[in-house]
Amino acid sequence: MTILIRGGTVINHDHSRRADVLIEDGTIVAVAEGLSAPAGAQVIDAGGCDILPGGIDPHTHMELMFMGTVSADDFEWGTKAALCGGTTMIVDFCIPAPGESMLKAYQDWRHKSEKAACDYSFHMAVTSWTKETHDDMEAVAKTYGINTFKHFMAYKGALMVNDDELFNSFSRCAALGALPMVHAENGDVVFRLQETLMGKGATGPENHAYSRPPEVEGEATNRAIMIADMAGSPLYVVHTSCREAHEAIARARAAGKRVYGEPLIQHLVLDEDEYRNPDWDYAAARVMSPPFRPRKHQDSLWAGLQSGSLQVVATDHCSFTREQKRLGLNDFRMIPNGTGGVEDRLLVLWTKGVNTGRLTKEEFVAVTSANIARILNIYPRKGAVAVGSDADLVIWDPARTKTISAKAQTSRIDYNVFEGIACTGAPRITLSGGRIAWQDGELRAEKGDGQFIARPPFPASHVANSTWKEFSAPRPVSRSMPVVP
Ligand code: URP
Ligand code: ZN
Ligand code: ZN
Ligand code: ZN
């Protein structure tokens, strides 16, 4: 199957140029001006639009059993939603249930994800520390194609791990050439604040935010960074939502540490006032961890993307219906944590980022695909419009408008946290694996079209870390000793 895309401007993270793109059997085989169409090729006229690498969402939870229920978008509908919004790959989290092995979790996720309509990959969560965990991590990294391990510093009594477990696991990651990730919130403090609020009869969804102030995130982010440094490991901080956490990451990077930060599109554009909405369902729909923050934090996150101290924009797509959210009607602690966004991320980020001048088009590509692919070790197969890369592309019309509404969305839930945002800049065509997956509102990709993308370990940062530690270690001074008569 051959496709030639003509008349567009290719935008990569490092340069843009007028160029045609030739695709054969799912791979980009030429990027150049004035390409002629081989016999039998389908020609797509890009009509002066931009041609971007397909979005990669490095943080989703499809069909996740969590807080007494299962997230509403499964791999089929979650990935179809992704394609409608120009995202051609997601990375989901295998999360072993308490006492369950990583192998079992991996098999469960491989099974659930057979329905995926776009490409996908996995991170593995470390939810406890035993000899089995230590041993299994090697198989996960070397044979399952998973080079990232996620740690929850929150959700006390459920998924949370302690500092000794973090240090053990980060050290193991360093030995394996894998990258540890953290959900950075101080779970012990959150637990106490929740108890205090509930004790005062404060049961509404706004208390979710009050029990998770920025300090619990700033503290945990800083702690994880220091533990990773002591373990000789780089670190990836998921859903960085506040100034305190961003500053910890920026400080670490300025000190030469290899630390990455991932703000979510929700935290970039929505603020804490959402929880003060008098409609319980409205406020509960927006309950996620970390919570939406007062507005000043958004400025910090945007500045991080602009300056490069934050590298990635994700969604943490973990959607629950209104009815599911009502599990916490009388107790905010029981509201399933999570919001959607996989369909909206690119449109909202373009509108609020590129159209305001906060991001260039190239920076947009960096934070929605290229940086992610590089950090996760799948670049340039993914995240680039280049010869040899997978033909996962978006023909992006910077003038196309769309107002976000739950009524028109592909996600299975009955609201959208971005409802009413008027976007300018939207996909015209999404190509996934060299095929048209979505065009002008028509979804063509089918359940099962996606492939699992294995991601091998990437020891380079670890080798650099340990080489530098050795190089800069204190050494005894060799000197001639005075002769004592
Ligand atoms: O509230 C959230 N973020 N739900 C999904 C699980 C997680 O913490 O990432
Ligand atoms: Zn199966
Ligand atoms: Zn999390
Ligand atoms: Zn998450």
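Residues numbered from 1 in each chain as written. Chains lettered and ligands numbered in written order. Predicted model: local features only at pLDDT ≥ 70, side-chain atom pairs only at ≥ 80, totals over all residues. Heavy atoms only, no water.

Inclusion rule: UniProt positions are given in the numbering used here, feature names are shortened, and annotations may be inferred rather than shown by experiment.
Going by an unreviewed UniProt entry, the protein carries the name Dihydropyrimidinase and comes from Bradyrhizobium denitrificans. Regarding the protein, the relevant UniProt record gives this comment under Sequence similarities (unreviewed entry): "Belongs to the metallo-dependent hydrolases superfamily. Hydantoinase/dihydropyrimidinase family." UniProt's Cofactor (unreviewed entry) comment on the protein is quoted here verbatim: "Zn(2+)".

1. Points about the side chain of Thr9
What counts here: Strands are runs of DSSP state E lasting at least 2 residues, helices are runs of H or I lasting at least 4, and numbering of each runs from the N terminus. Under the scheme applied here, a residue whose accessible area is under 20% of the maximum for its type counts as buried, over 50% as exposed, and between as partly exposed, the area being computed with a 1.4 Å probe on protein chains only. In what follows, a contact means two residues having at least one pair of non-hydrogen atoms within 4.5 Å.
As for its placement among the helices and strands, Thr9 is situated in strand E1 (residues 2-11). The class of Thr9 is buried, set by a relative accessible area of 17%. Excluding residues within four positions of it along the chain, Thr9 makes contact with Ser16, Arg17, Arg18, Cys49, Asp50 and Ile51.

2. Quick notes on the UniProt feature "domain: Amidohydrolase-related" (unreviewed entry) in the protein
Under the present numbering, the feature "domain: Amidohydrolase-related" (unreviewed entry) in UniProt falls on residues 51-436. With 38% helix and 18% strand, residues 51-436 has end C-alpha atoms that lie 14 Å from one another.

3. A word on the site of ligand 1
Rules: A molecule or strand has a residue near it when one of that residue's heavy atoms lies within 4 Å. By the criterion applied in these results, polar contacts are pairs of N or O atoms within 3.5 Å in which, for protein atoms, one can donate a hydrogen and the other can accept it, and in which residues neighboring in sequence qualify only through two side-chain atoms. We call Asp, Glu, Lys and Arg charged. Ala, Val, Leu, Ile, Met, Phe, Trp, Tyr, Cys and Pro are nonpolar, and the rest, Gly among them, are polar.
Surveying the vicinity of ligand 1 reveals the residues His59, His61, Phe152, Tyr155, His183, His239, Met288, Ser289, Asp316, Cys318, Asn337 and Gly338. Within the backbone of Asn337, an N or O atom sits 2.9 Å from a nitrogen atom of ligand 1. By residue class, the composition of the shell around ligand 1 is four nonpolar, seven polar and one charged.

4. Points about the coordination of the zinc ion (ligand 4)
Quick reminder of the rule: In this listing, donors mean N, O and S atoms no farther than 2.8 Å from the metal, or 3.2 Å for Na, K and Ca; water is missing from the atoms, so a site can look incomplete. Under the classification used here, a metal with four donors is tetrahedral if each angle lies between 85 and 135 degrees, square planar if opposite donors are over 155 degrees apart and the others between 65 and 115, a six-donor metal meeting that same test is octahedral, and anything else is irregular.
Here the zinc ion (ligand 4) is held by the protein donor atoms His59 (NE2), His61 (NE2) and Asp316 (OD), which lie 1.9 to 2.2 Å from it. Between the four donor atoms coordinating the zinc ion (ligand 4), the angles at the centre fall across 82 to 134°, so the site counts as irregular. Here the donor residues of the zinc ion (ligand 4) are spaced in sequence according to H-x1-H-x254-D. Separating the zinc ion (ligand 4) from the zinc ion (ligand 3) is a gap of 3.7 Å. For the residue pair His59 and His61, the accessibility class agrees, reading buried in each case.

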